[in-house]
Amino acid sequence: MTRRIWDISQRLRPGLPVWPDDTAFRQERTWQMEDASPVNVSALTLSTHSGAHADAPLHYATDGADIASVDIAPYLGECLVIDARGVGPLIEVADLPHLQSADRVLFRTFERFPHSDWESETTAIAAATIEWLAVQGVKLVGIDGPSIDPQSSKTMDAHKAVHRHDLRVLEGLVLDDVPEGRYELIALPLPIVGGDASPVRAVLRALA
Ligand SMILES: Nc1ccccc1C(=O)C[C@H](N)C(=O)O
Ligand SMILES: [Zn+2]
Ligand SMILES: [Zn+2]
């Protein structure tokens, strides 16, 4: 019996909505068979925070580890998907009354993921919630929004709480079709040396 898989990644393509003023996704063909090349080859230009991605500590701490240095174990294993739609600007501890124990928690905040336009008012996670999750033993926090902090944040309180507890972060997940519950998460960052983040192919697999 094959276990069902949900692909929770954004498709990387020209026009991919990115953070205001960040690098647009671009792909150009550098070799092509039409020009007598034996193969087609392309070059990519994209933000490290494109689509579904994993932040490295280097993103929010000048002396933080880069994405090639972090252990990959947090990005593989059982996770809990929580429906946090409609909670408002920040996910507070009070919004999580029934949270069962989990190593990895992914929050759905969108009714429908905004695939074609940038959504500037998104639900983020209160720093107190990150602290509380860390105390509960959570090692990775994920969200469908573009950031665990409000887009207007200058203090990056949630990222700083993540850094204090050395948690791992996934952002830009697509959770529209995923019911609340427990799954196997597979979302491996590329080992980009010096990288402050890496796109991931994020998938959830049924546990049985
Ligand atoms: N591309 C950016 C450029 C500047 C500031 C933030 C971003 C972000 O993408 C937010 C990021 N994903 C974060 O980890 O909060
Ligand atoms: Zn990011
Ligand atoms: Zn982030």
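Above this note sits the structure.
Being a predicted model, the structure only gives us computed values, none of them experimental.

**Quick look at the overall build of the chain**
Looking only at helices and strands, one finds two helices and 13 strands in the chain. Relative to its length of 208 residues, the chain is compact, with a C-alpha radius of gyration of 17 Å against a globular reference of 17 Å. When the backbone C-alpha atoms are referred to their principal axes, the chain occupies close to 60 × 45 × 35 Å. Of the contacts formed within the chain by residues at least 6 apart in sequence, a portion of 73% connects residues at least 24 apart. Total accessible area computed for the chain in this model is approximately 10,700 Å², and 53% of it derives from carbon and sulfur atoms.

**Points about the side chain of T109**
For T109, the location among the structural elements is in the loop between strand 7 (104–108) and strand 8 (124–125). Looking at T109, its side chain comes within polar contact range of the side chain of D144, at 2.5 Å.

**Let's talk about the pattern of salt bridges**
Per the counting criterion, the structure on display carries ten salt bridges. Between E111 and R85 there is a salt bridge, with its nearest N and O atoms 3.1 Å apart. Placement of E111 in the loop between strand 7 and strand 8 and of R85 in the loop between strand 5 (76–83) and strand 6 (90–91) is noted, with a sequence separation of 26 residues between them. Ionic contacts of the salt-bridge type, sharing partners, join the residues R3, E184 and R205 into one network.

**With respect to the coordination of the zinc ion (ligand 2)**
Donor atoms from the polypeptide that bind the zinc ion (ligand 2) are H49 (ND1), H53 (NE2), D55 (OD) and E171 (OE), placed at 2.1 to 2.2 Å. Viewed at the metal, the six donor atoms of the zinc ion (ligand 2) are separated by angles of 75 to 177 degrees, and the geometry they form is octahedral. Here the zinc ion (ligand 3) and the zinc ion (ligand 2) are spaced 3.4 Å from one another, each receiving a donor from D55. With H49 in the loop between strand 3 (41–45) and strand 4 (53–55) and E171 in strand 10 (residues 168–171), this residue pair connects regions lying 122 residues apart in the sequence.

**Notes on the coordination of the zinc ion (ligand 3)**
On the protein side, the zinc ion (ligand 3) has D55 (OD), H159 (NE2), E171 (OE) and E171 (OE) as donor atoms, found 2.0 to 2.6 Å from it. In terms of primary sequence, the donors binding the zinc ion (ligand 3) are separated according to D-x103-H-x11-E.

**A closer look at the pairing of strand 9 (residues 140–143)**
Here strand 9 shows two buried faces, one formed by L140 and G142 and the other by V141 and I143. In the sheet, strand 7 pairs with strand 9 via four bridges, with the strands oriented parallel. Within strand 9, the residue paired with L106 across the bridge is G142. Pairing of strand 9 with strand 10, which is carried by three bridges, proceeds in the parallel orientation. Bridge pairing in strand 10 links L140 to R168. Running through helix 2 (residues 157–164), the crossover from strand 9 to the neighbouring parallel element strand 10 is right-handed.

**What to know about the site of ligand 1**
In the vicinity of ligand 1, the residues found are W19, D22, H49, H53, D55, H59, P146, S147, H159 and E171. In the environment of ligand 1, a nitrogen atom lies 3.2 Å from a nitrogen or oxygen atom belonging to the side chain of H49. H53 is positioned with one of its side-chain polar atoms (N or O) 3.2 Å from a nitrogen atom of ligand 1. Relative to its unbound accessible area of 360 Å², ligand 1 is 78% covered by the protein chains. A breakdown of the residues in the shell around ligand 1 according to their chemical character gives two nonpolar, five polar and three charged.

Reading the values: rules and limits
- Per chain, residues are indexed from 1 in the order of the written sequence.
- Numbering of ligands from 1 and lettering of chains from A proceed in the order in which they are written.
- Confidence filtering applies because this is a predicted model: local features only for residues at pLDDT of at least 70, side-chain atom pairs given and counted only at 80 or more, and all residues used for totals across whole chains, interfaces and linings.
- As a rule here, side-chain values cover all heavy atoms of the structure and leave hydrogens and water aside.
- Helix numbers and strand numbers start at the N terminus; a helix is a DSSP run of H or I with at least 4 residues, a strand a run of E with at least 2.
- Just to be clear, the radius of gyration here is over C-alpha atoms, and the globule rule we use is 2.2 Å times residues to the power 0.38.
- What makes two residues a contact is simply this: any of their non-hydrogen atoms within 4.5 Å.
- For the area figures, the Shrake-Rupley method with a 1.4 Å probe applies, and any residue is considered shielded solely by the protein chains shown.
- Polar contact is defined as a pair of N or O atoms within 3.5 Å, subject to the rule that within protein one atom must be able to donate a hydrogen and the other to accept it, and that residues adjacent in sequence are counted only when both atoms are side-chain atoms.
- In what follows, salt bridge is the name for a side-chain nitrogen of Lys or Arg lying within 4 Å of a carboxyl oxygen of Asp or Glu.
- The donor definition counts N, O and S atoms within 2.8 Å of each metal and applies 3.2 Å to Na, K and Ca; water is not among these atoms, so some sites may look incomplete.
- Only four donors with every angle between 85 and 135 degrees are called tetrahedral; only four or six donors with opposite donors over 155 degrees apart and all others between 65 and 115 are called square planar or octahedral, in that order; all others are irregular.
- Accessible area is worked out with a 1.4 Å probe on protein chains only. A residue is then buried under 20% of its type maximum, exposed over 50%, and partly exposed in between.
- For two strands to be treated as a pair, DSSP must find at least two bridges joining them.
- Looking down the strands as they point away from the viewer, one classifies a crossover as right-handed if the path from the first strand across the helix to the second runs clockwise.
- Here, proximity means that at least one heavy atom of the residue falls within 4 Å of the molecule or strand.
- Under this grouping Gly is polar, as are all residues other than the nonpolar Ala, Val, Leu, Ile, Met, Phe, Trp, Tyr, Cys and Pro and the charged Asp, Glu, Lys and Arg.

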